[in-house]
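The primary structure of each chain is shown beneath.
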Amino acid sequence: MSTTETSRNTNDAVIASEPNHEGYREYELGHFRFRRDEYFAYVTWPTGDHTLSIDDFLRAMQRDVAWDFFYGTVNFDAVVGTVNHYGTVDLFAGSFNEVYRKAERDYVENFESSVIRETFKAMLDDWTIDGFDPFASPAETDKPFGVKAGSNTEAVTRRRVAAQRMVGVPGDEQIRTDETHPINRMFADVPQDEPVVQAEPGYEDKVVAFNLFAYLSRSNVTWNPSVVSVCKESLYCPTTEEYILPIIHGNDRVEWFVQLSDEIKWVVEDRETGVLRSKVTMRAGDVAAMPGDIRHQGYSPKRSMLLVWENASGELPELIRTGRAPVYPVDF
Ligand code: PHB
Ligand code: FE
């Protein structure tokens, strides 16, 4: 089967016409196969197979789909994941795991983004049962386990919120009210007052401010950066975090983190091998630049607010890959 067909639809990816014993369908992408039962997702490829908790699998799949494969590498765990080539996507097993590579059990296939996107979307929708929300913190959702019982299409088709210019300017209002976005239980103490803007006559639509802490206190998702402001390639992507980042993100550019509240512990590993490079504890007010050659996963014991600052330039991965841009933002 060709891996570069563009016309393939998701029906082609479904292996059997009937759901399996537990009520879920099985999917195929190139030579990869995906199956779920009550507790696990099973991934197979020509040189190996792998089992993940369905909980972890769906939380990771949800991010990969909603972020349209994100920047660089989305590792579901230490074995399987995707690399975004912005138009095509690699689906890999063991490619960023030294042991798999040495044992020659690693495997990768490249797909048109639309093909892998549509298959992942179909799998996520089929495998997510009623009451389970992969974006919610584990304390705020039902469980994903068991036989097929309903679905939660509304939750899994949520797109990440992206302002065109900035939250609050005309066209980007994104108003959050008690009715639409109640204050999260862990942010009950966050002041909700909005800044008073006194613009010169004629500038009322141009001078805008909003309370970012109040805005974030009402977020109903975790580990899902939204774009609140855009200045050329500079994107401010704050997010609220609780429990564990469901993916291990392999950077293809430098990312800045500003810890806005509470605390996150980051495990930072070498992007290619997974060898531990450092552990970083970030407390409110701390700022870190995550290098362009690492992968990282965050642990947030209490819901916290994090500002992820991205440079969205499409030239960066190639500049870094060819050594024309450094993997660190500054030399001290
Ligand atoms: C990251 O990989 O940099 C990342 C992803 C999602 C978050 C925070 C950080 O919510
Ligand atoms: Fe990252």
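One numbering rule holds for all chains: residues counted from 1, following each sequence as written. To read the labels, note that chains go from A and ligands from 1, taken in the order they are written. This being a predicted model, a pLDDT of at least 70 is required before a residue's local features are given, and a value of 80 or more before pairs of side-chain atoms are given or counted; all residues contribute to the totals for chains, interfaces and linings. With hydrogens and water stripped out, all remaining heavy atoms of the structure feed into the side-chain values.

Some thoughts on the side chain of Ser-113
A run of H or I in DSSP becomes a helix once it reaches four residues, and a run of E becomes a strand once it reaches two; helices and strands are each numbered from the N terminus. Secondary-structure assignment places Ser-113 in helix H4 (residues 113-127). Contact criterion: two residues are considered in contact whenever any of their non-hydrogen atoms come within 4.5 Å of each other. Among residues more than four places away in sequence, those in contact with Ser-113 are Phe-69, Gly-87, Thr-88 and Val-89.

Observations regarding the pairing of strand S7 (residues 88-93)
The buried fraction of S7 is high, at 5 of 6 residues. Two successive antiparallel strands, strand S6 (residues 80-84) and S7, enclose a turn made up of 3 residues, where Tyr-86 displays a positive phi of approximately 55 degrees. At least two bridges found by DSSP between two strands is the condition for calling them paired. Relative to strand S8 (residues 107-112), S7 runs antiparallel, the two sharing 6 bridges. The residue bridging Ala-93 from the neighbouring strand is Tyr-107, located in S8. The buried label goes to any residue with under 20% of its type's maximum accessible area, the exposed label to any with over 50%, and the partly exposed label to all in between, with areas taken from a 1.4 Å probe on protein chains only.

Brief notes about H4
Between the first and last C-alpha of H4 there are 21 Å, a value that for 15 residues agrees with the 21 Å anticipated at 1.5 Å per step. Listed as buried for H4 are Ser-113, Val-115, Ile-116, Thr-119, Phe-120, Met-123, Leu-124, Asp-126 and Trp-127. Between the first and last residue of a helix there are one fewer steps than residues, each counted as 1.5 Å, and that sum is the expected span.

Things to note about the coordination of the iron ion (ligand 2)
Within the protein, His-249 (ND1), Glu-255 (OE) and His-296 (NE2) serve as the donor atoms for the iron ion (ligand 2), at 2.1 Å. Counting along the primary sequence, the residues that act as donors to the iron ion (ligand 2) give the motif H-x5-E-x40-H. Each member of the pair, His-249 as well as Glu-255, carries the same accessibility label: buried. Metal sites are built from N, O and S donor atoms within 2.8 Å, or 3.2 Å for Na, K and Ca, and they leave out water, so they may look incomplete.

Section: the packing of aromatic side chains
Given two aromatic rings, their pairing is described by the distance between the two centres and the angle made by the two planes. Note on aromatic pairs: the rings of Phe, Tyr and Trp (six-membered ring only in Trp) are paired at centre separations within 6.5 Å, and the planes decide the class, stacked below 30 degrees, edge-to-face beyond 60, tilted for the rest. All chains considered together, the criterion is met by 20 aromatic pairs. Consider the rings of Phe-70 and Tyr-71, whose centres lie 5.7 Å apart with planes at 45 degrees: the pair is tilted. Its relative accessible area of 14% is what places Tyr-71 among the buried residues. Between Trp-223 and Trp-266, the aromatic rings sit 6.2 Å apart at their centres with planes inclined by 90 degrees, giving edge-to-face as the arrangement. Separated by 43 residues along the polypeptide, Trp-223 in the loop between helix H6 (212-217) and strand S9 (229-231) and Trp-266 in strand S13 (residues 263-270) bring together distant segments of the chain. Both residues of the pair, Trp-223 and Trp-266, belong to the buried class. Put simply, the rings of Tyr-27, Phe-34, Phe-57, Phe-69, Phe-76, Phe-120 and Trp-127 pair up and form one aromatic cluster. Lying over the aromatic face of Tyr-42, Arg-35 brings its terminal NZ or CZ to 4.1 Å of the ring centre. Counting as a charge over the ring demands two things of the Lys NZ or Arg CZ atom: a distance within 6 Å of the ring centre and an angle within 35 degrees of the ring normal. Seen from the ring of Tyr-215, Arg-176 lies directly overhead, with NZ or CZ sitting 3.8 Å from the centre.

Points about the site of ligand 1
Surveying the vicinity of ligand 1 reveals 15 residues, the closest of which are Trp-223, Glu-241, His-249, Glu-255 and His-296. At a separation of 2.9 Å, an oxygen atom of ligand 1 approaches a polar side-chain atom of His-249. Contacts described as polar in this section are N or O atom pairs within 3.5 Å, which, within protein, must combine one atom able to donate a hydrogen with one able to accept it, while residues neighboring in sequence count only if both atoms come from side chains. One of the side-chain nitrogen or oxygen atoms of His-296 is found 3.2 Å away from an oxygen atom of ligand 1. Accessibility throughout is a Shrake-Rupley quantity obtained with a 1.4 Å probe, and a residue counts as covered only by protein chains that appear here. Against a free-state accessible area of 280 Å², the protein chains account for coverage of 100% of ligand 1. Of all the elements in the fold, those that place two or more residues in the shell around ligand 1 are strand S10 (234-244), strand S12 (255-259) and strand S16 (294-311). No other element matches S16, which puts 3 residues into the shell around ligand 1. Nearness is defined per residue: one heavy atom within 4 Å of the molecule or strand is enough.

A short note on the pairing of strand S15 (residues 287-290)
Within a regular beta strand, the side chains point alternately toward one face of the sheet and then the other, so they alternate between its two faces. Burial along S15 is one-sided: the face carrying Ala-288 and Met-290 is buried and the face carrying Val-287 and Ala-289 is not. As judged from the 4 bridges shared by S12 and S15, these two strands associate in the antiparallel manner. Across the sheet, residue Phe-257 finds its bridge partner in S15, namely Ala-288.

Focus: the sheet that holds strand S1 (residues 27-29)
A sheet is described by the order of its strands in space; here 4 strands give the open sequence S1-S2-S3-S4, paired in antiparallel fashion. Each edge of the sheet is formed by a strand with only one pairing partner; in this case those strands are S1 and strand S4 (48-53). In this sheet, neighbouring strand axes are inclined to one another by 20 degrees on average, regardless of whether the strands run parallel or antiparallel. Bridge count between strand S3 (residues 40-45) and S4: 6 bridges; the pairing is antiparallel. From the neighbouring strand, Val-43 faces S4, where its bridge partner is His-50. All axes here are fitted lines through C-alpha atoms, helices being fitted over the stretch that makes contact, and every angle between N-to-C directions spans 0 to 180 degrees. Helix-sheet contacts for helix H2 (residues 54-66) involve strand S2 (32-36), S3 and S4, and the interaxial angle to S4 is about 95 degrees. Running over the sheet, H4 touches S1, S2 and S3 and is turned about 160 degrees from S1.

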